[in-house]
Amino acid sequence: MATLSSSANIAEGMSRNTNKDKSRFINQSFSSSIEVLNFLIITRDLELITEEEYVKIRENVERITNQLNALNNKLKE
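Residues numbered from 1 in each chain as written. Predicted model: local features only at pLDDT ≥ 70, side-chain atom pairs only at ≥ 80, totals over all residues. Heavy atoms only, no water.

Chemist: I tried to follow a nonpolar patch on the surface on my own but got confused; where do I start?
Modeler: Together, Phe 39, Ile 42, Leu 46 and Leu 48 line one region of the surface with nonpolar side chains, adding up to about 420 Å² of accessible area. By relative accessible area, Ile 42 is classed as partly exposed at 38%. (Patch = residues over 30% accessible without salt bridge, like charges linked within 9 Å, V, L, I, M, F, W, Y side chains within 5 Å. Areas by Shrake-Rupley, 256 points an atom, 1.4 Å probe, with all protein chains shown as cover. Salt bridge = Lys/Arg side-chain N within 4 Å of Asp/Glu carboxyl O. Buried < 20%, exposed > 50% of the residue type's maximum accessible area, 1.4 Å probe, protein only.)

Right, here's the structure in full:
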């Protein structure tokens, strides 16, 4: 559900008129992505995925959070 929340916040935020409102939703999306990372760590700790799967997914989550941060910083300019 956190992944759905992240993408929904991006969609809703981009429909807003001001950069301040857009930034707020991008920040919420970032927080949801961190939640995904938390569940990913738990999934690995419970040995429900392999280390290789963990690394691949984590790299993708980190790429997404970096992009969200960059967008948020741009909106705050």
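Following the structure, the description resumes.
Chemist: Explanation requested: the side chain of Ser 23 in the structure shown.
Modeler: Looking at the element boundaries, Ser 23 is found in helix H2 (residues 19-45). Note on Ser 23: relative accessible area 9%, which makes it buried. Apart from the residues lying within four places of it in its own chain, the contact partners of Ser 23 are Asn 72, Leu 75 and Lys 76. (Helix = DSSP H or I, 4+ residues; strand = E, 2+ residues; numbered from the N terminus. Contact = heavy atoms within 4.5 Å.)

Coordinates in, geometry out; function isn't part of it.
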